[in-house]
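# Observations on the three-dimensional arrangement
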2 protein chains.
Amino acid sequence: MPDPPPHVVILGGGFGGLNAARALARAPVRVTLIDRRNHHLFQPLLYQVATAALNPSDIAVPIRRILRSQQNAHVLLAEARSVDLHAKVVELDEDMVAYDYLVVATGARHSYFGHDEWAPFAPGLKSIGDALEIRKRILLAFELAEREPDARLRDAFLTFVIVGGGPTGVELSGALCEIAQHALSRDFRRINPAQARVILLEGSDRVLQSYKPELSQKAREQLEHLGVEVSTGKRVTSVDAEGVGLGAERIEARTVLWAAGVAGSGLGRGLGVPLTREGRVEVAPDLSIVGHKEAFVVGDLAGLKQDGAPVPAVAPAAMQEGRHAAYNILRSIAGQPTVAFRYVNKGSLATIGRSAAVADLGKIRLSGLPAWIAWLGLHLLFLVGFRNRLVVLFEWAWSFLSYDRGARLITGPIRRKQEGRNEIVRPGSIAPRSEPEAAGRR
Amino acid sequence: MPDPPPHVVILGGGFGGLNAARALARAPVRVTLIDRRNHHLFQPLLYQVATAALNPSDIAVPIRRILRSQQNAHVLLAEARSVDLHAKVVELDEDMVAYDYLVVATGARHSYFGHDEWAPFAPGLKSIGDALEIRKRILLAFELAEREPDARLRDAFLTFVIVGGGPTGVELSGALCEIAQHALSRDFRRINPAQARVILLEGSDRVLQSYKPELSQKAREQLEHLGVEVSTGKRVTSVDAEGVGLGAERIEARTVLWAAGVAGSGLGRGLGVPLTREGRVEVAPDLSIVGHKEAFVVGDLAGLKQDGAPVPAVAPAAMQEGRHAAYNILRSIAGQPTVAFRYVNKGSLATIGRSAAVADLGKIRLSGLPAWIAWLGLHLLFLVGFRNRLVVLFEWAWSFLSYDRGARLITGPIRRKQEGRNEIVRPGSIAPRSEPEAAGRR
């Protein structure tokens, strides 16, 4: 009997893992891709699910379906608990999987800079579940404001704080302003959603730190034009059920969203190898784990420096790394030395709202409508799965023309007191008023 | 100051409540519609969410948006705990609302015929949350079968039992067969989803009891043609984590869905008035609660008989009753006597699968493709919201042409052991096999 082909185990079905798997399609290997979720997520559009513009399945496709025709690939729904790099075995929830080559692509999770106690009050945005939770909190805040007789509390329900001025924070705050001003504007009787405050807090001196300063400035102007209050140089010192503290200052807000920090996924720590300060795995230039040339780390979990700066935690980098790890695996199998990875930055794009975006494409820098059109086209192009592209295009066209949001659903259990909030229940009365309209529109 | 216009409180934003609210649009009343969910649900298509064909927001629209332009209507997201019919007050979770007229339209919930302990093992289908739970269980069963080395357990994961042969049971079982045979068929390596067993259990002697016997027979033939094992005259005597008992017989199945019984919603019992055996509220012919001529009950919660038979718990009846209650309220306000309700049955339609359905339109009875086209057209016509119709039409066209299912997402926490299941964790191994394909395709 001939030797079985080498077994490549890939942990994680995000951009990095999926690209590694696909790059091995015609290779003489057996591939097992393991993810604890059944779907690949188009994370750059996740904020659109969180803000009720898109449905989860518009941006998520079963990994199994993507790899359907790749006959050498096997997909397992399971959570990898740890990796024994010496025994070359991955421990799953109930099983063990042995590998010849390993690609760890389990990505990143939120980091609250040592304040994990803030997590229940300020959810971050990484998974479909996170997006639905944020969507629920946003929509529920308007519903609770409509029921709230006390003006001060009503204002707190209508104040939204986004912590972190990177791409996610910028996108979330822009989209939130648009919901409040357009999609919801005529739906309430006592409150005027258009008067909601959306506050974007950034610790450094400008939003979109990774962009050129001129584009940061353009982004800020577009955000402020939409109605976002942009506040830079502000460090959050506390987050609780009722607001955010900034040193001596305090903002009363019932909805706080976290877009500030990420750290390597928990699996990174379980490897028993050196990590960077952000919890990423230190890798050799060829993306392998130092001392384990058959094990690679790609995507947000890989702590790689290039020209003195860390390779950014963005989808294109993860895709390039995934393909590169696959390439190095094939070289190893063929008995050739592995080669160093080099990230090719093809540009950055961040969207702010309807017709508003910034794009840094190396020599060309765009903002406003041209940048937005570039963003739209590129994201549609890269959205996995033909069907989804059509549906998403339709949803976008619809919401652009109608200012409407298609997915304004509050699902899951509804608690008047949100997770971790210890609000005092006041007995109140909302008996009918003689002039129900008079109390409306502040 | 003139008297304020009368206050009409409507509990529930389903077909009954929403139609009552809309029928009062131009009337000199103030309307408060209270629902514990923010959306109206197009329940006849809920099984399509449960079987991954449609997204939740395709069949759910915010109640607020539907009533956006109805200036006399006010929507509250709140749960009605009880009603004091004498004081004319509704008690909400934290507030009280006084009414002049009341329409109770809180619908029905599952009934396990006194065996509520079966609920965790056999979820029913009433809400978006239920549909997502069922979708998760169905998709997860295939995933767990793929991981399962033991053939007997693998068969149990691939056995699906639907209890109840009414329209929901028929629709669910037909759709489940289609998923297994088409959408998933090429996605797995070790199992062949097309060999999943789908068993429809009905206690009486035929499926679709409320239809003419000839249509029941046609429906059964179409189900069996799809691959559903239809079993009539079978009473379920136990349901647990590992299967269903039918007297001495037993079916090993890890996924059991409940489509057998409904009972009036909990609020009905809180009214302190006589209920039918099914927990519905006994109403006078004009739909009012006996002894409380300003309080009406409509929809699935109303226990009304017509020509000796109960008015069926279907959407058209709820819509007619909602509008009729509104009409009687307006007559009362005008000092005129209320009039008795009469249900006009315009026909029944049940779909079975791709190109398969039965329709009983009085004199005309259809089955197969003509019935399916009638079903498609009618459901699109009644689907609330123009945008949704287009999206749903697109999704249907896509899944018809491609046999694919667009919403195959497993969301929420994934437990290998489903709710209430006390399966023994066996240490296993899924180390790579030398010939990964050989173990596949049974």
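My aim in this report is to walk through the structure given alongside it, one point at a time.

Our focus in this paragraph is the overall build of chain A. Check the secondary structure of chain A and you find 11 helices and 27 strands. Looking at chain A as a whole, 59% of its 442 residues are labelled buried. For chain A, long-range pairs separated by at least 24 residues make up 65% of all intrachain contacts whose partners lie at least 6 apart in sequence. Surface summary for chain A: the accessible area is close to 17,500 Å², and the carbon and sulfur share equals 54%.

All names here are of chain A. Position of T51 relative to the elements: it lies in the loop between α2 (46–50) and β4 (60–62). The exposure class of T51 is buried, given its relative accessible area of 1%. With sequence-adjacent residues up to four places away left out, T51 is seen in contact with L172, A175, L176, I179 and R405.

What follows is about the sheet that holds strand β25 (residues 348–353) of chain B. All names here are of chain B. Read across the open sheet, the three strands follow the order β25-β26-β27; overall the sheet is antiparallel. The open sheet has two edge strands, β25 and β27 (364–367), and neither has a second partner. Adjacent strand axes in the sheet meet at a mean angle of 5°, parallel and antiparallel pairs treated alike. Summarising the sheet, β25 and strand β26 (residues 356–361) pair through five bridges and their orientation is antiparallel. Bridged to L349 within β26 is A359. Strands β25, β26 and β27 of the sheet are contacted by helix α7 (residues 213–226), whose axis makes an angle of about 170° with β26.

On inspection of all chains with the given rule, the structure shows 32 salt bridges over all chains. Here R68 of chain A makes a salt bridge to D187 of chain B, at a shortest N to O gap of 2.4 Å. A residue pair is termed interchain when its members come from two chains, as with R68 of chain A in the loop between α3 (63–66) and β5 (73–77) and D187 of chain B in the loop between α6 (167–183) and β12 (197–202). Note on accessibility: R68 of chain A and D187 of chain B belong to one class, buried. For the salt bridge of R342 of chain B with D307 of chain B, the shortest nitrogen-to-oxygen distance reads 2.9 Å. Of this pair, R342 of chain B sits in the loop between α9 (315–333) and β25 while D307 of chain B sits in the loop between β23 (305–306) and β24 (309–310); the two residues are 35 residues apart in sequence, bridging distant segments of the chain. Here R342 of chain B matches D307 of chain B in class, with each residue exposed. Residues participating in the shared-partner salt-bridge network are R68 of chain A together with D187 and R408 of chain B.

It is worth spelling out the packing of aromatic side chains at this point. All names here are of chain A. Applying the stated criterion to the full structure yields 12 aromatic pairs over all chains. Each member of the aromatic cluster is reached from another via a ring pair, and the members are Y112, F113, W118 and W258. The ring centre of F157 lies 5.0 Å from the NZ or CZ of R254, which sits over that ring.

Between its terminal C-alpha atoms α9 of chain B stretches 27 Å, which fits the 27 Å expected from 19 residues at 1.5 Å a residue. Count one or two residues on from α9 of chain B and you reach G335 of chain B, which has phi positive near 80°.

Turning our attention to the pairing of strand β21 (residues 292–297) of chain A. Residues and elements named next belong to chain A. Of all six residues that make up β21, five are buried, and the element is covered over most of its length. Judged from the three bridges that link them, strand β9 (residues 101–104) and β21 form a sheet pairing that is parallel. Bridge assignment links L102 to a residue of β21, and that residue is A295. Here two bridges tie strand β20 (residues 288–289) to β21, and the two strands are oriented antiparallel to one another. Note that in β21 the partner of I289 across the bridge is H292. Once β20 ends, the chain turns through two residues before running back antiparallel as β21, passing G291 with a positive phi of about 90°.

Residues and elements named next belong to chain A. Taken together, the side chains of L378, L381 and F382 define a hydrophobic patch exposed on the protein surface, amounting to about 280 Å² of accessible area. Tracing the sequence through the fold places F382 in helix α10 (residues 369–382). For F382, a relative accessible area of 45% gives the class partly exposed.

Residue and element names in this part refer to chain B. Turning to its location among the elements, V283 is positioned in the loop between β19 (281–282) and β20 (288–289). Judged by its relative accessible area of 12%, V283 is buried. Setting aside chain neighbours within four positions, we find V283 in contact with S288, V290, V297, G303 and L304.

Another aspect to go through is the sheet that holds strand β11 (residues 159–163) of chain A. Across a sheet, paired strands are connected by hydrogen bonds in the backbone, their directions being either parallel or antiparallel. Residues and elements named next belong to chain A. Ordered by their spatial adjacency, four strands build an open sheet running β13-β12-β11-β17, and the pairing between neighbours is parallel. In this open sheet, the two strands that pair with only one neighbour each are β13 (228–232) and β17 (255–258). Adjacent strand axes in the sheet meet at a mean angle of 20° when their direction is disregarded. Helix-sheet contacts for helix α7 (residues 213–226) involve β12 (197–202) and β13, and the interaxial angle to β13 is about 140°.

What counts, and where the lines are drawn
- Residues numbered from 1 in each chain as written.
- Chains lettered and ligands numbered in written order.
- Predicted model: local features only at pLDDT ≥ 70, side-chain atom pairs only at ≥ 80, totals over all residues.
- Heavy atoms only, no water.
- Helix = DSSP H or I, 4+ residues; strand = E, 2+ residues; numbered from the N terminus.
- Buried < 20%, exposed > 50% of the residue type's maximum accessible area, 1.4 Å probe, protein only.
- Contact = heavy atoms within 4.5 Å.
- Areas by Shrake-Rupley, 256 points an atom, 1.4 Å probe, with all protein chains shown as cover.
- Pairing = 2+ DSSP bridges.
- Axes fitted to C-alpha atoms, helices over the stretch in contact; angles between N-to-C directions.
- Salt bridge = Lys/Arg side-chain N within 4 Å of Asp/Glu carboxyl O.
- Phe/Tyr/Trp six-rings, centres within 6.5 Å; stacked < 30°, edge-to-face > 60°.
- Lys NZ or Arg CZ within 6 Å of the ring centre and 35° of its normal.
- Expected span 1.5 Å × (residues − 1).
- Patch = residues over 30% accessible without salt bridge, like charges linked within 9 Å, V, L, I, M, F, W, Y side chains within 5 Å.

No statement about biological role is implied by the geometric values presented.
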